[in-house]
Amino acid sequence: MSILVTGGAGFIGSHTVVELQNAGYEAVVLDNLSNSSKKSLERVETITGKVITFYENDINDRAALQKIFKTEKITACIHFAGLKAVGESVNKPWEYYQNNIAGTLVLVDEMRKNGIKNLIFSSSATVYGDPAFIPITESCPKGICTNPYGWTKSMLEQILTDIQTADPEWNIILLRYFNPIGAHKSGTIGEDPNGLPNNLMPFITQVAVGKLPELGIFGNDYDTPDGTGVRDYIHVVDLADGHVKALKKIDEKCGLEIYNLGTGTGYSVLDIISNFEKVTGIKIPYTIKPRRSGDIASCYANADKAKTELGWKAKYGISEMCADAWNWQSKNPEGYQ
Ligand code: NAD
Ligand code: UDP
């Protein structure tokens, strides 16, 4: 059984390909390498000892998709491909809607024309906006997104839901990720952001490795225990495993399902710094900066539905997340370069 993994050379995609191959699936990766390197896939092959079929193509490229669906025996698609930089999306909304929404419409159209109606979609806790309640369950109403990136996720969730309602042969699982961090234990694959990292953990690891002088903490006056923002950080290998569990659910002909993938525990920015310092012995200098526009105080999951229905639960705690993120960064100070 071959699984098409769009965006499979990226951070979450590459870790998911490892777990798929370890679980006995054949992985076919489609990635235009706009935010990744082919080296990640070579390293995945070293980790698993298995071959990946790779297509360097765009999800907007119908001819390429047709060729893949004719050549490979694809039974389901895990769809990671998309642009994901929040700040960039504010300045380039057209590019984000074109790439993420138009691209997904092309992918889904070619899937249905080829009779492949099983899809797992990378969504995000960002669809909850400033959540109506925490811990957030899947029945928490979707909220107002603060940037075009978030809207692409929210709109695609609606589009995919409507497609499944119109044609119940589709099985579609929307996975709402909380904050993926960490890296594979080997330290050979990990997160490799372009330019200045937007996200907290890659910023911290780049300070630790000496590439950046200090961390800026975006606000310490939130309504949280220490005033800094609270998030639900999840080890990327746990997240990857969630996709393998979701594929099993698809086999049960599940229709449309939504699952939060988080640990259920919230950590503040200061908690993350102190855990990172404890695990690595490296001091992270920081200064308090103004709040970042669009940020919320607290966001963490109730992940009980994934536990009950998928048999999935995060295994790794914050120490492993910090240790593995650092293992990757220290072994690869320049990422895949
Ligand atoms: P990533 O940028 O590392 O991976 C995305 C991959 O998609 C990259 O390899 C990129 O080259 C590829 N890609 C982008 N547009 C493409 C296109 N048009 N055609 C083919 N390939 C294309 O990002 P990631 O962190 O691995 O995220 C994977 C998915 O999960 C994304 O959809 C992202 O929005 C979503 N997500 C990520 C996070 C996070 O914090 N990392 C949180 C929630 C949701
Ligand atoms: N954050 C920070 N400094 C940074 C990056 C992030 O203080 O350089 C904070 C941010 O305000 C939020 C938390 O860290 O409270 C997680 O931010 P990230 O961008 O990693 O994830 P998201 O905003 O998507 O939850």
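Use the structure listed above.
Residues numbered from 1 in each chain as written. Chains lettered and ligands numbered in written order. Predicted model: local features only at pLDDT ≥ 70, side-chain atom pairs only at ≥ 80, totals over all residues. Heavy atoms only, no water.

Observations regarding the sheet that holds strand β11 (residues 256-261)
Spatially, β3-β2-β1-β4-β5-β6-β11 is the arrangement adopted by the seven strands of the open sheet, whose pairing is parallel. Edge strands, defined here as strands with exactly one partner in the open sheet, are β3 (53-55) and β11. The sheet shows a mean angle of 20° between the axes of neighbouring strands, direction not considered. Judged from the five bridges that link them, strand β1 (residues 2-6) and strand β4 (residues 74-79) form a sheet pairing that is parallel. Residue pairing across strands places Ile3 opposite Ala76, the latter belonging to β4. (Pairing = 2+ DSSP bridges. Helix = DSSP H or I, 4+ residues; strand = E, 2+ residues; numbered from the N terminus. Axes fitted to C-alpha atoms, helices over the stretch in contact; angles between N-to-C directions.)

A short note on the side chain of Asp232
When you line up the elements, Asp232 lands in the loop between β9 (230-231) and β10 (233-235). Of the side chains with opposite charge, Arg231 comes closest to the buried, unpaired Asp232, at an N-O distance of 10 Å. In this structure the side chain of Asp232 is engaged in a polar contact, spanning 2.9 Å, whose partner is the backbone nitrogen of Gly264. Aside from chain neighbours lying at most four places away, what touches Asp232 is Phe178, Asn179, Gly262, Thr263, Gly264, Thr265, Cys299, Tyr300 and Ala301. (Buried < 20%, exposed > 50% of the residue type's maximum accessible area, 1.4 Å probe, protein only. Lys, Arg positive; Asp, Glu negative; His and termini not counted. Salt bridge = Lys/Arg side-chain N within 4 Å of Asp/Glu carboxyl O. Polar contact = N/O pair within 3.5 Å; in protein donor to acceptor, adjacent residues only side chain to side chain. Contact = heavy atoms within 4.5 Å.)

Points about the site of ligand 1
Asp31, Asn35, Ser36, Phe80 and Tyr149 are the nearest of the 26 residues found near ligand 1. Contact distances for ligand 1 include 2.9 Å between an oxygen atom and a backbone N or O atom of Phe11. Within the side chain of Lys153, a nitrogen or oxygen atom sits 2.9 Å from an oxygen atom of ligand 1. Look at ligand 1: alone it shows 810 Å² of surface, and the protein chains cover 95% of it. Listing elements by their share of the shell around ligand 1, those giving two or more residues are α1 (11-22), β5 (118-124) and α6 (148-166). Here the shell around ligand 1 gets three residues from one element, more than from any other, and that element is β5. (Near = heavy atom within 4 Å. Areas by Shrake-Rupley, 256 points an atom, 1.4 Å probe, with all protein chains shown as cover.)

A look at the side chain of Glu257
Of note, Glu257 is situated in strand β11. Among the polar contacts listed, one links the side chain of Glu257 to the side chain of Lys305, at a separation of 2.9 Å.

What to know about the sheet that holds strand β14 (residues 298-299)
Read across the sheet, three strands follow the order β12-β9-β14 without closing on themselves; strand pairing throughout is mixed. Only two strands of the sheet have a single partner each, and these edge strands are β12 (267-268) and β14. With two bridges joining them, β9 and β14 adopt parallel strand pairing. In the strand pairing of β14, Val230 is matched with Ser298.

Overview of the packing of α1 against helix α2 (residues 39-48)
Orientation of α1 relative to α2, taken along the N-to-C sense of each, is 30°, at an axis distance of 10 Å. With respect to α2, the axis of α1 lies roughly parallel. As α1 runs across α2, the sense of the crossing is right-handed. Here α1 contributes Ser14, Val17, Val18, Gln21 and Asn22 to the contact with α2, which in turn contributes Ser40, Val44, Ile47 and Thr48. In terms of residue class, the contact of α1 with α2 is built from four nonpolar, five polar and no charged. (Parallel < 35°, antiparallel > 145°, perpendicular 65-115°, else oblique. Left-handed = near helix turned anticlockwise from the far one by under 90°. Nonpolar A, V, L, I, M, F, W, Y, C, P; charged D, E, K, R; others polar.)

These figures capture arrangement, not role.
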